[in-house]
Every structure is written in structure tokens, then in C-alpha cells.
Amino acid sequence: ARRGDLPEARMLTSSAPLRSAGQVVRGRTSPRFPRTARLQTTRELPSCTCTMSLKLIVLMPSKMRPLVQEAFTSKLPQSFEVLNVGGQVEDFTEEQLLQCQAIVTGPPNTIDMDIFQKAWHLLPNLVWVHSLTTGVNRHVAPGSPLLDSDIVLTNAKGAFSVPLAEYAMASVLYFQKELPRREASKKAGVWDHFALPCTVSEQHFGVVGYGDIGRECAKLARAFGMTIHATSRNPEALLQKDSLVSYAYGFDQIGDLMAACDYVCMVTPLVPATVKLVGAAEFNRMKPTGVFMNLGRGQCIDQDALVKVLQDKKIKGAALDVTDPEPLPDGHVMYSMGPELLLSAHSADVTANMTEMALKQCLRSMHTYAEHGFGGLDNIVDKKKGY
């Protein structure tokens, strides 16, 4: 079923054939810091009576601390107190840890993420952990004491969605407008006049992992006139609540979405259920003119299977901002591939102001908490799901 057919729509079993281009298918120490940088966030913050108080520590790499210190000096709710800013658990005194009620963490690969295991016995008052990144797989990794606790975990939901969506559309235009061919012709000194098979607006854009980032991708694709397909745990509900989506699928029929779409954008978080979620079976169902994009995590696809379909020219191309492993080792086959692969170093969302964007979102969450408590937050992570 599709939008418009929803009242009569029936869910298909996983073995049912795709009858048209997309169907609803069910499946699977002090708060005073030197003013070393400016952070313009005043207008984005809600007004706040600051009825809730909180003592926090900030776990942050040294290069990010000037911006963090400036922001948390001038923009925090008045009833909040920063006890200390550091990068390792040893940077904090026992007294600070015992008083701590909230921890703000920076990029996991730049700080001591073992603080929870190392200092758990010193964090009896901890009620909230906020990540300045969207991915929180290190926070809720197996064995993490956060996983089975009642501590609230929030993330940077929405902070980086726009640059990632822009990258997705840049990838669409790269392939749809044959930019590699045009550049090659220019370098060769050839006046290469040719016709494109169709416009971007005639294409179908599929999203695997329709969260905040996925929806932003869909919003831009729809602005270009593309038809949107998306996965959901409840496809019918998605069609009812989101006017951007024309066709919805369950997670056990990702292959159907990939067969129906010209461009497939994967933006799933890395959790046990998404490891190699897309593999050879799904890639081999794509159109010969299809393009696959991964902006989520490299481990969510069978990378070798993708390389094979590219080498065998079974699909037109791929755009990868994430790989497995990262960075790719010297001499990796993907470095030597041609224009069929658009490759970037996990940097699609890296902008000069990305720290400011994450801090703005963090400060909004803190002001919301100060006024309304956790009930007012829209970025609470389901720790069991990992997102």
C-alpha cells in the first residue's frame, strides 16, 4: 500500500512480492572560566525560571574546552554549577565526583569513556549523562553500568542533521548530473554534449533509518521533487503522521525498498540489531542505475559485498562517509576505485561551527530541564535500543 491507500492497506508478509514501486511492508571546580571564545546562543535558548538545580562535570578534549568553558560560564541556567572540566577521570577530585549530578561528554574517541566503569562507586548522585554527539554506542556498550541504570541519557539529536542531509543531496547530484563525466571531459579538453536520462525530481529516494537525520535527508530530497520511501517499525503509522513519506516499509523488507528506489540513504545508528543490516542480498536487489549512500556507521553494512557489486557494475555507484574500519588502512581497495565511489573520511557533518551547534543543543536541553525536568526533553535515548 502507499499514501492514499492507507485506510485499506494491508501489511504484506516478508515473502510477498513487491507489487509496485514501494509498498507498506511490515518487518523487521568553579563555574567561572576565562572568556576565551564567543558562543552566540542567546536567542536560541528558551526563557527559564531555573527552578531545578544541577551540579555537573564536563568530559571534553583540551581543544574544545575554551568554547565549552565560555558557553557554560555565560549561558547555563543560573541554578547550575560546573564543578570541573577535564578529559580523563583523574582530572576530577573524589569530592567533585561525589557531588556530580550530571556529566556532559564530548566525542568518545577523544576522552576517557571508561569514567563510568572506573568511578561508578563515586557517582551516587548521578542522574543525567548528555552526549555532545549523536551516536551513543560507547555509552551503552555491553558492560557499561549506564545500561541497566535509571540514569537519563540524552544525545545531540538534531544538531548535525542539516549538514548530513546536505551531503546526501550533494551525493545525489554528483551521480544524477554526471559530475565525474563532466570533470573528466573538461580535463581531457573534450566538448562532451550529452543528455541525462531524467531529472532528479523523477527519482525515488529511500531512507533506511528514518530518525531525525533521515527525515532531514527526506525533507531536502522532497524539496527537489523526489518521491520518499522510508523504513519504520510501524509503516502504517509513519504514513499517517509524516506527509513527506509516500511509501513505508518494515525493517525486514529493506530489500524491497532498495529494489524500488534510485537512491538509498542509510543513516542507522550502530546497535547490535543493525550490524551488517544491509548485505549482498539487499545490494543485489538494487537497480543497475541505483546509488547507495551510508551516512550512519560503517559496520551497519557488509562493506565487502558493496565493493563487489560496485566492481561488478551491478549498481551505478555509492557514496560513503563512514567505513569499517576507520580510518581505512593504506592500500585499501576503495582508495583505488573510480568515480563510482564517492568517499569521505567520516566528515560529512564536520563544519567550522559544529562544536557550537552541539553546545547550543546541549544548552537548550539544560534550560528545558531547569524549567520542566526530564519530561520536557525530546532527545532522551532508549538505552536498550541504543538511540
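Reference entry: report on the structure contained in this document. On a predicted model such as this, the values are computed, not experimentally measured, just so you know.

**With respect to the overall build of the protein**
In terms of regular secondary structure, the protein is built from 11 helices and 12 strands. Taking all 387 residues of the protein together, the buried fraction comes to 53%. Total accessible area on the protein stands at roughly 18000 Å², and carbon and sulfur atoms take up 51% of it.

**Here we look at the sheet that holds strand β6 (residues 204–208)**
In spatial order, the strands read β8-β7-β6-β9-β10-β11-β12; together these 7 strands make up an open sheet with parallel pairing. With one partner strand each, in any of the chains shown, β8 (245–249) and β12 (341–343) form the two edges of the open sheet. For this sheet the average axis-to-axis angle between neighbouring strands, irrespective of direction, equals 15°. Where strand β9 (residues 263–266) and strand β10 (residues 291–294) come together, 4 bridges link them in parallel fashion. Among the inter-strand pairings, Y263 is bridged to a residue of β10, identified as V291. Here helix α4 (residues 161–176) sits on the sheet and contacts β6, β9, β10, β11 (317–320) and β12; the angle it forms with β11, its principal contact strand, is near 155°.

**Details of helix α1 (residues 65–74)**
Within α1, 7 of the 10 residues are buried, leaving the element largely enclosed by the surrounding structure. Listed in full, the buried residues belonging to α1 are L67, V68, Q69, E70, A71, F72 and T73. Looking at the buried side of α1, the elements it contacts are β1 (54–59), β2 (80–86), β3 (102–105) and α11 (354–372).

**Some thoughts on the packing of α1 against α11**
Closest axis-to-axis distance for the α1/α11 pair is 11 Å, and the angle between their directions is 30°. For the element pair α1 / α11, the angle class is roughly parallel. Helix-helix and strand crossings are classified by hand; for α1 and α11 the assignment is right-handed. From α1, L67, V68, A71 and F72 reach across to α11, where they touch T355, E356, L359, C362, L363 and M366.

**Re unusual backbone geometry**
Trans is the common state for peptide bonds, and a negative phi is the common state for residues other than glycine. D324 connects to P325 through a cis peptide bond whose omega is 5°. With an omega dihedral of -5°, the bond running from E326 to P327 counts as a cis peptide bond. Backbone geometry places K276, a non-glycine residue, at a positive phi of 50°. Looking at where K276 falls in the secondary structure, it is placed in the loop between β9 and α9 (280–283).

**Some points on the pattern of salt bridges**
For the structure shown, the criterion picks out 10 salt bridges. When the shortest N-O distance is used, the salt bridge between K118 and D112 registers 3.0 Å. Take K118: its relative accessible area is 42%, and that puts it in the partly exposed class. Of the charged contacts, one joins D256 and R285 as a salt bridge, the two residues approaching to 2.7 Å between their closest N and O atoms. Separated by 29 residues along the polypeptide, D256 in helix α8 (residues 254–260) and R285 in the loop between α9 and β10 bring together distant segments of the chain.

**Here we look at helix α6 (residues 212–223)**
Given 3.6 residues per turn, any residue in an α-helix points the same way as the ones three and four places further on. The terminal C-alpha atoms of α6 lie 17 Å apart, and with 12 residues this matches the ideal 16 Å at 1.5 Å per residue to within 8%. Taken residue by residue, α6 has I213, G214, E216, C217, A218 and A221 as its buried positions. Those residues of α6 hidden inside the fold are in contact with α4, β6, β7 (227–231) and β9.

**Quick word on the side chain of H367**
As for its position among the elements, H367 is in helix α11. Within the local environment of H367, its side chain forms a polar contact with the backbone oxygen of K75, the two atoms lying 2.7 Å apart.

**Brief notes about the environment of F194**
Along the polypeptide, F194 turns up in the loop between α5 (179–188) and β6. Along the sequence, F194 and E178 sit 16 residues apart, while their C-alpha atoms lie 10.0 Å from each other. Beyond its immediate chain neighbours, meaning those up to four positions away, F194 contacts E178, R181 and R182.

**A closer look at the pairing of β7**
For a regular strand, side chains alternate in direction, first toward one face of the sheet and then toward the other. In terms of residue burial, β7 counts as a mostly covered element, since 4 of its 5 residues are buried. Inspection of the sheet shows β6 paired to β7 by 4 bridges, in the parallel sense. In the sheet register, F205 faces β7, and the bridge partner there is I228. After leaving β6, the chain enters α6 and then returns to the sheet as β7, a path that is right-handed. Looking at chain direction, β7 and β8 are connected through 4 bridges and run parallel. What sits directly across from H229, in β8, is Y247.

**Points about the packing of aromatic side chains**
The description of an aromatic ring pair uses the distance of the two centres, along with the angle that the planes make with each other. Counted by the stated rule, this structure contains 6 aromatic pairs. Centre to centre, the rings of W128 and Y369 are 5.1 Å apart; their planes meet at 45°, and the pair counts as tilted. Of this pair, W128 sits in strand β4 (residues 128–131) while Y369 sits in helix α11, and the two are 241 residues apart along the sequence. Ring centres of Y174 and F175 lie 4.8 Å apart, and the angle between their planes is 85°; on these two criteria the pair is classed as edge-to-face. A relative accessible area of 4% means that F175 is categorised as buried. Sitting above the plane of the F251 ring, R233 keeps its charged end 5.8 Å from the centroid.

Calculation notes
By convention here, each chain's residues receive numbers from 1 onward along its written sequence. Side-chain atom pairs in this predicted model are given and counted only at pLDDT of 80 or more, local residue features only at pLDDT of at least 70, and totals for whole chains, interfaces and linings cover all residues. Note: side-chain values were computed over all heavy atoms of the structure, leaving out hydrogens and water. By the criteria applied, helices consist of DSSP H or I runs no shorter than four residues and strands consist of E runs no shorter than two, each listed in order from the N terminus. Exposure is judged per residue with a 1.4 Å probe applied to protein chains only, and the accessible area is read against the type maximum: over 50% gives exposed, under 20% gives buried, and values in between give partly exposed. To measure how exposed things are, a 1.4 Å probe is used in the Shrake-Rupley method; for residues, cover is taken only from the protein chains shown. Strands were regarded as paired on the criterion that DSSP finds at least two bridges between them. Axes here refer to lines fitted to C-alpha atoms; in helices the fit is confined to the stretch in contact. Angles between the N-to-C directions go from 0 to 180 degrees. In what follows, residue pairs with any heavy atoms lying within 4.5 Å of each other are defined as contacts. Convention used here: angles under 35 degrees read as roughly parallel, angles over 145 as roughly antiparallel, angles from 65 to 115 as roughly perpendicular, and any remaining angle as oblique. Here a crossing is taken to be left-handed if its near helix is turned anticlockwise relative to the far helix by less than a right angle, and right-handed if that turn runs clockwise. Here, a salt bridge means any Lys or Arg side-chain nitrogen found within 4 Å of an Asp or Glu carboxyl oxygen. Helix span is expected to be 1.5 Å times the residue number reduced by one. Distance and chemistry together define a polar contact, namely a pair of N or O atoms within 3.5 Å, with one atom able to donate a hydrogen and the other to accept it when in protein, and with adjacent residues in sequence counting only for side-chain atoms on both sides. Look down the strands so they point away from you; if going from the first strand over the helix to the second traces a clockwise path, that crossover is right-handed. Side-chain rings of Phe, Tyr and Trp (the six-membered ring for Trp) are treated as a pair once their centres are within 6.5 Å; stacked means planes under 30 degrees apart, edge-to-face means over 60, and tilted covers the remaining angles. Both a distance and an angle decide whether a charge sits over a ring: NZ of Lys or CZ of Arg must be within 6 Å of the ring centre and within 35 degrees of the ring normal.

Read these as layout, nothing more, since geometry by itself doesn't imply function.
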